[in-house]
Structure formats: structure tokens, C-alpha cells
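Given next are the chains, with one letter for each unit.
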Amino acid sequence: MAVTNDGRFRVKVRFTEQQVILLDKLLDEGQFGDTHAEVVVRVFDEYLRSRATKRGQE
Amino acid sequence: MSMGMPEEAYGSIREEFIVTPISGKAFPVRKGEVYRIVQTEGGQCVDVNAWALADRREFMDTSIMRRQGIHTPKNGFLVSNSPYNRLLMKIIEMAPNNKADVLMHRCSRALLEAVWEVPTHSNCQDMLAESIREYRLSPDHVHAVLCPWTPTRVDEDGFVRGIGYESRFDTIGDVTDILALEDMLVATCICGIADYSNLGNFYPRAIQLQIFEASEATRQMVAETAMTYPPLKSQLSRDDFAFSGPTADYAIDPTPDPSYEPNYPYWPQKEVEIECELSPAQYAAVRTLVESHRRDDDEDAVRRAVMEWYLMNRTNPHPLMGSVHGPFNGAGARR
């Protein structure tokens, strides 16, 4: 993990080539960004939101 | 390590093999030998098939093994299909948290296409088929699997749920030791959907296979099993099946095909490294996942989150998967 000059955190994440097939599908949807990195970050946000929603329901 | 027969009582190691993701391997295992699967890196769902060398029509049958529990326990048996119904192998060592599932059947191309819309993905049916091709068996010989390190449960409504392990470190270094009570062919693969499922922690890793030669102690254990559960008068012999052809036609040649070259798709496993920029809040969430939810590290926390989200939000409900990864309400539930 590295910290950028503007205080953001760079994390390198390995995906298998078969997992990248799923990232490509999300890319094709057009709503998660234009690169794999953008897809990963936006889906990660969606995941956190869904966890928060689930905790709110419990 | 051993809570039953100590490893010192086994014979010498005659075979050692690292199964790399995502692939499998088959070996003959003789009566009295011990077949060991090692979780070298932890958290890996594993699929096992077993056939009698003398007759490939006789194989381990999980539907009858379920009578011992939905997880075959330590000291439980791999039992052959009806009408043979023989005790083929015995699990003699496994840790208490090692749940050897016999409900899941095995993943297949059709499952991956139906649920993830990825028709070319690695899968246990194809990998087991490829591994036994070395011994001249064909894809139709693959049968329902024994899955060590695959915690599942049946909920109060009777639906099967895949649970997985919270952390791969819960099983790292563990072994499953299986004693051969007959001459067998045993095939093991890394689960084909380990990267798409929590049952493999969303990241396929290597396992190790070892075969220990028979020893006086293991032969004694085979003999004691035969005394406790002697052959049954009602069990049909292979000669009773003469109507379907000479028995010799069904024997498995235990010598590997010298021309065999393994051919698994997406093997060896390739990776793509993606560098992501996270806000302080997002990174704090990553650290929470690592520290409170036992993800391996930052990478594992992010990757697992993405794959879990995809599983819950972009896969199709389908009878081939049923309720394993989420509620399934039948044919009307297609997304």
C-alpha cells in the first residue's frame, strides 16, 4: 500500500484472469467507470453500502 | 497433529505432488496405503472422486455416504454405489473444523454458464475428467464428490447453504488422511469455482497430495475394519454383472498413459494486478475488514468484497445452484 500526495491510498489487487472476465462484464455495463481500477473501487463502495444496509436491517 | 493413528505408523511416502490452481491429479492407491490431502495455504475447497481399480463401475457414492452425515466425519467411510455397497476407504485423520461435504455434487460448465454467464470457466467436472484421462477414463466416469474443507449446512427450511471459512488461516497446514480398504483410483482437484465462491475464499491456491505406503499398522487397521464390518452375504459380486460384459473389461489399468499430457483450461493460473486508489474512508473500511473480519490483507479484503458483491448482485438464480449462495425461489426468480 502506498499513500499518494493527496492523501489517497494505493492498493494493488491481484485478480485471476477468470475473475477479470467478470470485471470486463461490469466494464461493459458502463456504470462503474472506464477502467478495471475504477470498477473495483466503485464495486467496493457498493459492497460497503450493502453491508451498511444489511446492518441497519438487523 | 494426528489424533488417531500417528503418522509414524504409516509407511514411507511413495508419492508427493503439488496440485497447482486450477487443476487436479489422479493416483492409484493400494489397499492399506494412506492418501493424504494437505491444505498447504489454507481455505481451499477440494473435490475428491474414488473408483475401485478392479471395476470402474464401482465408485464412491455420496448419496449413500450422506447416511453418515452431510459431512463425512473422521472415522467415516467412503462407500460404494448400489448394488456393491462396500466400504472402499476410511477417513482416519482430519481436524474438527474440517467439514467434508457430500451434498454439493460438483461444479460444471453448465453451472458456471447458468449462474455467472461464463461458459468456459474451470469446473470440477472437467478437471476431474482431465485428471482421470491419464488412466483412460472418460468424463462420464466422474461422479458426485467428497469435498473436504467445505463447510455447508442445511437450514431450517431444508435448503443447502455454502458457508466457507472466515479465514483461510483457519485451515492452513491441515490434512485429510484416507486409508484405502480396497485398491483404488483416487482423483482430487482444486475446486473449479474457488475464485468465484467463498468456498475457496475467492482465490485458488495450491494443495499437496501424498501417498504413504502400507505398513503393518495400516494393514492391521484394514483387517480390523473388515472384522467390524465383514463382507455381507447379500452383496453382489462382479460376476453377478456378467450381463453387461466381462468383468475384465471394466478394470482400471493402474499404469498411467505414457502419452498423457495434462490439459486444463486457464492453467497455470494467470493473474492481473490492478492498482486502485482509495479514499481515506475506503481504506479505513479495508483495514476494518482485515482486522475485524480476518481478511488476509488489503488485497484480499478488496478482491473478496468485489467478488462477493458480484455473486450477490450479478449472478442468476438457477436450479443448478439452488440456494447454496443465496435464497432461491424456483424458476420464477430469474434476475
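All of these numbers come straight from a predicted model, not from anything done at the bench. (Residues numbered from 1 in each chain as written. Chains lettered and ligands numbered in written order. Predicted model: local features only at pLDDT ≥ 70, side-chain atom pairs only at ≥ 80, totals over all residues. Heavy atoms only, no water.)

Colleague: I would appreciate a short explanation of the overall build of chain B in the present structure.
Modeller: Along its length, chain B carries six helices and 13 strands. Along the first, second and third principal axes, the C-alpha atoms of chain B reach 70 × 45 × 45 Å. Across the 335 residues in chain B, those meeting the buried criterion constitute 56%. Expressed as a percentage of contacts within chain B between residues at least 6 apart in sequence, the contacts between residues at least 24 apart total 78%. For chain B, the accessible surface area stands at approximately 14,000 Å², while carbon and sulfur atoms represent 52% of it. Each charge class in chain B can be summarised by its mean position, and for the 33 positive and 48 negative side chains these summaries are 4 Å apart. (Helix = DSSP H or I, 4+ residues; strand = E, 2+ residues; numbered from the N terminus. Buried < 20%, exposed > 50% of the residue type's maximum accessible area, 1.4 Å probe, protein only. Contact = heavy atoms within 4.5 Å. Areas by Shrake-Rupley, 256 points an atom, 1.4 Å probe, with all protein chains shown as cover. Lys, Arg positive; Asp, Glu negative; His and termini not counted. Charge placed at Lys NZ, Arg CZ, Asp CG, Glu CD.)

Colleague: When you look at the packing of aromatic side chains in this model, what are you seeing that I'm missing?
Modeller: The description of two aromatic rings rests on the distance between their centres and on the angle between their planes. Residue and element names in this part refer to chain B. One pass over the full model with this rule turns up seven aromatic pairs over all chains. Judged by centre distance (5.4 Å) and plane angle (80 degrees), the ring pair of Y264 and W267 falls under edge-to-face. By relative accessible area, Y264 is classed as buried at 6%. Using a relative accessible area of 30% as the deciding quantity, one classes W267 as partly exposed. Lying over the aromatic face of F17, K25 brings its terminal NZ or CZ to 5.1 Å of the ring centre. Note that R303 overlies the ring of Y203, its terminal NZ or CZ placed 3.8 Å from the centroid. (Phe/Tyr/Trp six-rings, centres within 6.5 Å; stacked < 30°, edge-to-face > 60°. Lys NZ or Arg CZ within 6 Å of the ring centre and 35° of its normal.)

Colleague: Please explain the confidence of the model for chain B as it appears in this structure.
Modeller: Any segment with low pLDDT has predicted coordinates that should not be analysed in fine detail. In this model, chain B carries a mean pLDDT of 90, and residues with pLDDT of at least 70 account for 92%. Per the prediction output, this complex has pTM 0.93; the corresponding ipTM is 0.93. (pLDDT = per-residue confidence, 0-100.)

Colleague: How do you make sense of the nonpolar core when you look at a structure like this?
Modeller: Within soluble globular proteins, side chains that are nonpolar tend to cluster in buried spots. Residues and elements named next belong to chain B. Core analysis: the biggest nonpolar cluster contains 104 residues, and Y35, L78, M89, W116 and L185 have the highest contact counts within it. For this core, the element with the highest residue contribution is helix α6 (residues 298-313), accounting for eight residues. Sequence-distant contacts of L185, that is, excluding residues within four places in its chain, are made with A26, F27, P28, N49, A50, W51, L53, I132, Y135, L137 and I252. (Core = buried A, V, L, I, M, F, W, Y, C linked by side-chain atoms within 4.5 Å.)

Colleague: What am I meant to see in the environment of N97 of chain B here?
Modeller: All names here are of chain B. Among the secondary structure elements, N97 is positioned in the loop between β7 (87-93) and α2 (109-116). Here N97 falls in the partly exposed class, since its relative accessible area comes to 30%. Sequence separation between N97 and R304 is 207 residues; the distance between their C-alpha atoms is 22 Å. Every residue in contact with N97, bar those within four places of it in the chain, is listed here: Y165, D170, T171 and D174. In terms of polar contacts, N97 uses its side chain to reach the backbone carbonyl oxygen of D170, at 3.0 Å. (Polar contact = N/O pair within 3.5 Å; in protein donor to acceptor, adjacent residues only side chain to side chain.)

Colleague: Teacher, can you tell me more about the sheet that holds strand β2 (residues 24-29) of chain B here?
Modeller: Sheets are built from strands that pair by backbone hydrogen bonding, the pairs being arranged parallel or antiparallel. All names here are of chain B. With antiparallel pairing, the four strands of this open sheet are ordered in space as β2-β11-β4-β5. Unpaired on one side and paired on the other, β2 and β5 (55-59) mark the two borders of the sheet. Going from strand to strand, the sheet's axes swing by 30 degrees on average, the running direction of each strand aside. Here strand β4 (residues 46-52) runs beside strand β11 (residues 184-190); their pairing, made up of seven bridges, is antiparallel. From the neighbouring strand, D47 faces β11, where its bridge partner is C189. Of the strands in this sheet, β2, β4 and β11 are in contact with helix α3 (residues 124-133), which crosses β11 at around 135 degrees. (Pairing = 2+ DSSP bridges. Axes fitted to C-alpha atoms, helices over the stretch in contact; angles between N-to-C directions.)

Colleague: Can you walk me through the pattern of salt bridges in this structure?
Modeller: Side chains carrying opposite charge are able to pair once their charged atoms draw close together. As enumerated under the stated definition, the model contains 29 salt bridges over all chains in all. Notably, a salt bridge pairs R10 of chain A with E275 of chain B, separated by 3.8 Å at the nearest N-O pair. Remark: E275 of chain B occurs in strand β13 (residues 271-278) and R10 of chain A occurs in strand β2 (residues 9-16); the pair is interchain, linking two chains. Given the relative accessible area of 32%, R10 of chain A is considered partly exposed. The exposure class of E275 of chain B is partly exposed, given its relative accessible area of 41%. Where R161 of chain B meets D155 of chain B, a salt bridge forms, and the shortest distance between an N and an O atom there is 3.0 Å. By relative accessible area, which is 9% here, D155 of chain B ends up buried. (Salt bridge = Lys/Arg side-chain N within 4 Å of Asp/Glu carboxyl O.)

Colleague: Help me out: how do you make sense of the side chain of H141 of chain B in this one?
Modeller: All names here are of chain B. Positionally, H141 belongs in the loop between α3 and β8 (152-154). Residue classification places H141 among the buried residues on the basis of a relative accessible area of 17%. Excluding anything up to four places from it in sequence, H141 contacts N49, W51, R56 and I132.

Colleague: What is the right way to look at α6 of chain B in this model?
Modeller: Turn by turn, an α-helix covers 3.6 residues, leaving residues three or four places apart pointing in a common direction. Residue and element names in this part refer to chain B. The end-to-end C-alpha distance of α6, which contains 16 residues, comes to 23 Å, matching closely the 22 Å that a straight helix rising 1.5 Å per residue would cover. Among the 16 residues of α6, 14 are classified as buried, and the element is accordingly described as predominantly covered. Taking the backbone nitrogen of E299 as reference, a side-chain oxygen 3.3 Å away marks D297 as the first, capping residue of α6. (Expected span 1.5 Å × (residues − 1).)

Colleague: Could you clarify how one ought to interpret the interface of chain A and chain B in this entry?
Modeller: Interface size is commonly expressed as the accessible area that is lost once the parts come together. Counting residues at the interface gives 35 residues for chain A, matched by 44 residues for chain B. Where chain A abuts chain B, roughly 4,200 Å² becomes buried across the two surfaces, and 63% of that area is made up of carbon and sulfur atoms. It is R14, Q18 and F44 of chain A in chain A that bury the most area against chain B; as a group they hold 18% of the surface buried on that side. Inspection of the region where chain A meets chain B yields six salt bridges. Residue R14 of chain A is joined to E271 of chain B by a salt bridge in which the shortest nitrogen-to-oxygen separation is 3.8 Å. Contributions of two or more residues to the side of chain A that touches chain B are made by β2, α1 (17-29) and α2 (36-57) of chain A. A total of eleven residues in the side of chain A that touches chain B trace back to one element, the largest contributor, which is α2 of chain A. Looking at side-chain class alone, the side of chain A that touches chain B contains 18 nonpolar, seven polar and ten charged residues. Sheet topology places β2 of chain A next to β13 of chain B; eight bridges connect them, and they run antiparallel. Considered in β13 of chain B, the bridge of K12 of chain A is made with E275 of chain B. (Buried area = accessible area lost by both parts, 1.4 Å probe. Nonpolar A, V, L, I, M, F, W, Y, C, P; charged D, E, K, R; others polar.)

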